[in-house]
Amino acid sequence: MYFMKSLFSGAIIALLPFFSAYSQLTGTVSNNQTNEAIETARIYIPQLDDVTYSNANGAFTLHNTPSKPFTIVVSRLGYKTVEVLVASSQIYISLDPSVFEMEEVIVSTPFSNLENQNTLAVSKINSEAIQESGASVLADALQVLPGVSAITTGQGIAKPVIRGLSGNRVVTYLNDLRYENYQFSGDHGLDLGATASSVEVIKGPFSLLYGSDAIGGVVYVAPQAFTIRESLTGSVQQRYVSQSFGSETSANLGVASGKWQFGVSGSHMQHADYETASEDFVPNSRYRSKSSGINTRFSEGNYQATARFAYSDKQAGIVEERLGGKRNFGIQVPYQETQLNQFSLRQKLDTSVGLWDLTSGFTLNQRREFEEHEEEAHAEDEEHEEGAALNMHNRVLSFDLKNTLPSSGNWQQIVGAQWLQQQNTNSGEERIIPDATQRDFGVYWLHQFLGEKLKWQLGMRYDTRKIDTKAFEIHDHDGGVGEKVDNINRSINSLNGSAGFTYPLSEKINLRFNASTGFRAPNLAELTSHGVHHGTQRFEVGNAQLKPEQNLQFDLGIDVKTTYLNLGADGFYNTLKNYIFLNPTNEMEEGLQVFEYIQTDASLWGGEFFVHYHPQGKLHFESALEYVRGEQSDHSPLPLMPPFAFHQEIHWEVSPVFAAFVSLDMVGNQNNVSRFETTTKAYEVINLGGHLDIPFGKNRELRIQLLIRNLGNRNYIPHLSRLKGIGVEQPGRNVVLSAKVNF
């Protein structure tokens, strides 16, 4: 901790000549109808990620505010969230009562607008909704959002699908850094637990801010928030999952001291083989993981520095059979292990020429896969860890610099540059991608205009990616000479843009439109694969001449909000040039069917619709439906398209300390399948849950939560399950019991 303080203090001394004058903001928050003071209203500065709360008199003070004018967001449960443009050192804010939940600020988009003020289609899920889902992995929890699905490989491996696109077409951010964990393969999950404070999902291409690969969307995992209290604050939670005898423990703690804020977090989980509705145990579906994080922030005048370190380690069995599992926690071969070490440093400096924001970071991601060798003999259920057959290390170094220029009337602008280097090395006997170095560089300009009614956003970006790989020899399982894969030296450039607007058709109806482009350079697997990929049970052949994917998506949305009703509809049309996919051939190699990476033009279209009805009383109703369809240029279906889905949920707020819900998920047939897929039958799943809050002591609360997933013990297999081919069913009736202490 002394080292961190010395590091930050040195940085402050070096930057002192560039500091601009800073000030503080005072104000009050009151009820617009009764003029009564509002206590514990949240006052938030998105630019600085700084927050404070109003006292019993409705008064608040924000220290070290940015140069005026700047925007604050004021929210309180039971009131409508408002954005306020601050141009003086004192302000008076009035909030209108509302029966709907607080509207969230979206920080993954350039100007940190409220959710319904973005020209892009963006959804946000908070920690309470994540916990209510009952999911143990993050990608599974995100499926409650309309337009988001998951490709799963058992209960512990899942990756998000946004409007039919996944893998390297979806960019994930963790601790303000791009999260790279070999997501190109179907059996490589997101490998993040369901302990995030909130997650934002951008549905559609946004290469404008996130560069290559963000053609399907972005998953932004919010970092651990800091507390402003100078006494220890945080939470500790323990969960039990019946279907897998799962145990999940998590905690996060925080404290503030003067100009410093500190936070730590940790989690541990272990699950045995899960049981299906047919009372069968799925063999080797067990997994376990552990994670920890250390965070600190220093604020002085108009300078802020935030450092974060994250570590995680996960081991997950690879399911190869449908029957024969048991209640055992020992990891058996074949299995995969992923390990993450990540450090980020984000510095903000407010000057007379704008708010400078520099994020630098280093990530080391290791992926190992273990398999049984013929000469090895191990007792059943014996844990085994010989040398990994596949052992890859990905080192990522990145810098992201942007400047939010001083506001000029209704105009706001951001300019920025990003640089990222990935270096992959192999040390196992098998290789699915070569040793390689990949360098990205991009520059961008973003603009927002705020009129009396009309708001528009637009921007442009130029990117270049350089790929250098080393030649390597494919491992031959028969002991012969493996085939050689030549080296690659390529540069790929792309120019992208985005333009959109929001416009209120009336006081209650808001229209949104956006057109944006994105690009994705071919990944290393698509360029260089030539051999058996055991995780997918295919012989895959790459193509070094593949072109980059380029897409253009149009989004049209409408939101209607009345006193008790909130509904919205989003439609999209996404056209992709040079869409890359695996195509099955009639050839066989090493006893497996050969799949080749090829390209074609493609298009996807569909949308989402939601209704939230909250009458005066204790009941409120939520409904949502989603549909996506993808076709190649010859009108044949794209692979891995989610089927039509409908979600209905009823919440009952029995009392201020007790609430319950029941939900119904209806998923339709999927008969529009690609050549190597099979059709999937429709199914329905009912979930039930409730929680009880028990206050004890000052600022302390115990929450006991009971969830029952798949209440009807339904036997079903999702279309996007990678285990559908061997008939592996989803978990049967699953009871999730948790106790969480907040203090």
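Here we summarise the structure given alongside this text. Not measured: the values here are computed from a predicted model.

1. Observations concerning the sheet that holds strand 8 (residues 122-126)
Spatially, the five strands line up as an open sheet ordered 8-14-15-12-13, and their pairing is mixed. At either end of the open sheet lies a strand with only one pairing partner, and these are strand 8 and strand 13 (177-178). Where strand 12 (residues 170-174) and strand 13 come together, two bridges link them in antiparallel fashion. Across the sheet, Y173 pairs through a bridge with R178, a residue of strand 13.

2. A look at the pattern of salt bridges
Per the counting criterion, the structure on display carries 31 salt bridges. E200 serves as the salt-bridge partner of K124, at 3.7 Å between the closest nitrogen and oxygen. Of this pair, K124 sits in strand 8 while E200 sits in strand 14 (residues 198-203), placing them 76 residues apart in sequence. Here the residues in one salt-bridge network are R178, E180, D213, D440 and R465, joined through shared partners.

3. Let's talk about the nonpolar core
Grouped together as the largest cluster of nonpolar side chains are 21 residues, with contacts concentrated most on I130, L138, L142, L192, V199, V219 and V221. Those elements giving two or more residues to this core turn out to be helix 3 (138-141), strand 12, strand 14 and strand 15 (217-221). In this structure V199 touches S123, K124, I125, I130, L138, L142, V219 and Y220, once residues within four positions along its chain are discounted.

4. Focus on the sheet that holds strand 9 (residues 148-152)
What the three strands build is an open sheet, ordered 9-10-11; its pairing is antiparallel. The open sheet has two edge strands, strand 9 and strand 11 (165-166), and neither has a second partner. Here two bridges tie strand 10 (residues 158-162) to strand 11, and the two strands are oriented antiparallel to one another. Opposite V161, over in strand 11, you have S166 as the bridge partner.

5. Some remarks on a negative patch on the surface
On the surface, E483, E587, E589, E590 and E596 cluster together into a negatively charged patch. Its place among the elements puts E590 in the loop between strand 34 (565-589) and strand 35 (592-613). E590 gets classed as partly exposed once you look at its relative accessible area, which sits at 41%.

6. Topic: the side chain of E631
As for its placement among the helices and strands, E631 is situated in strand 36 (residues 619-632). Within the local environment of E631, its side chain forms a polar contact with the side chain of H635, the two groups lying 3.4 Å apart. Beyond its immediate sequence surroundings of up to four residues, E631 is in contact with D601, A602, S603, W605, S636, P637 and L638.

7. So, the pairing of strand 29 (residues 489-504)
Side chains on a regular strand alternate between the two faces of the sheet. In this structure, strand 26 (residues 455-469) lies alongside strand 29, joined through 14 bridges in antiparallel fashion. For T464, the partnering residue across the bridge sits in strand 29 and is N493. By the bridge criterion, seven bridges tie strand 29 to strand 30 (residues 509-520) in an arrangement that is antiparallel. The residue bridging Y503 from the neighbouring strand is L511, located in strand 30. Here strand 29 hands over to strand 30 after four residues, the two strands then running antiparallel side by side.

8. Let's talk about the pairing of strand 21 (residues 335-351)
Among the 17 residues in strand 21, 13 count as buried, and that is most of the element. Both strand 21 and strand 22 (residues 354-370) contribute to a ladder of 17 bridges, which runs antiparallel. Bridged to Q339 within strand 22 is Q366. The antiparallel pairing of strand 21 with strand 22 creates a hairpin that spans two residues between the two strands.

9. Things to note about the side chain of N710
One can find N710 in the loop between strand 40 (701-709) and strand 41 (734-742). Contact partners of N710, with chain neighbours within four places excluded, come to V685, I686, N687, Y716, P731, G732 and R733.

10. Describing the packing of aromatic side chains
In this structure the tally under the stated criterion is 15 aromatic pairs. Measuring from ring centre to ring centre gives 6.1 Å for F206 and Y210, while their planes differ by 55 degrees; the resulting arrangement is tilted. Look at F206 and you get buried, because its relative accessible area is 3%. A residue is classified by how much of its surface remains accessible, and Y210, at 6% relative accessible area, is buried.

11. Examining the environment of G58
Positionally, G58 belongs in the loop between strand 3 (50-53) and strand 4 (59-65). Sequence separation between G58 and G167 is 109 residues, and the spatial gap between their C-alpha atoms is 47 Å.

12. Quick look at a nonpolar patch on the surface
Residues Y240, F245, V657, F658, L692, I694, I704, L706 and L737 make up a contiguous nonpolar surface patch of about 700 Å² in total accessible area. Contributions of two or more residues to the nonpolar patch are made by strand 39 (683-695) and strand 40. Here L692 lies in strand 39. Among the residues examined, L692 registers a relative accessible area of 34% and is labelled partly exposed.

13. A word on unusual backbone geometry
A cis amide bond links V333 to the next residue, P334, at an omega of -5 degrees. Its identity as a non-glycine residue notwithstanding, T40 has a phi of 60 degrees, on the positive side. Here N64, not a glycine, exhibits a phi torsion of approximately 55 degrees, which is positive. With respect to the secondary-structure elements, N64 resides in strand 4. What makes N64 partly exposed here is its relative accessible area of 22%.

14. Some words on the environment of L706
Mapped onto the elements, L706 comes out in strand 40. Each C-alpha atom of the pair L706 and S738 lies 6.6 Å from the other, and the pair is 32 residues apart in sequence. The contacts of L706, once residues within four sequence positions are left out, are L688, G689, G690, V735, V736 and L737.

Rules and cut-offs
Residues numbered from 1 in each chain as written. Predicted model: local features only at pLDDT ≥ 70, side-chain atom pairs only at ≥ 80, totals over all residues. Heavy atoms only, no water. Pairing = 2+ DSSP bridges. Helix = DSSP H or I, 4+ residues; strand = E, 2+ residues; numbered from the N terminus. Salt bridge = Lys/Arg side-chain N within 4 Å of Asp/Glu carboxyl O. Core = buried A, V, L, I, M, F, W, Y, C linked by side-chain atoms within 4.5 Å. Buried < 20%, exposed > 50% of the residue type's maximum accessible area, 1.4 Å probe, protein only. Contact = heavy atoms within 4.5 Å. Patch = residues over 30% accessible without salt bridge, like charges linked within 9 Å, V, L, I, M, F, W, Y side chains within 5 Å. Areas by Shrake-Rupley, 256 points an atom, 1.4 Å probe, with all protein chains shown as cover. Lys, Arg positive; Asp, Glu negative; His and termini not counted. Charge placed at Lys NZ, Arg CZ, Asp CG, Glu CD. Polar contact = N/O pair within 3.5 Å; in protein donor to acceptor, adjacent residues only side chain to side chain. Phe/Tyr/Trp six-rings, centres within 6.5 Å; stacked < 30°, edge-to-face > 60°.

Functional significance is not addressed by these values, which are geometric in nature.
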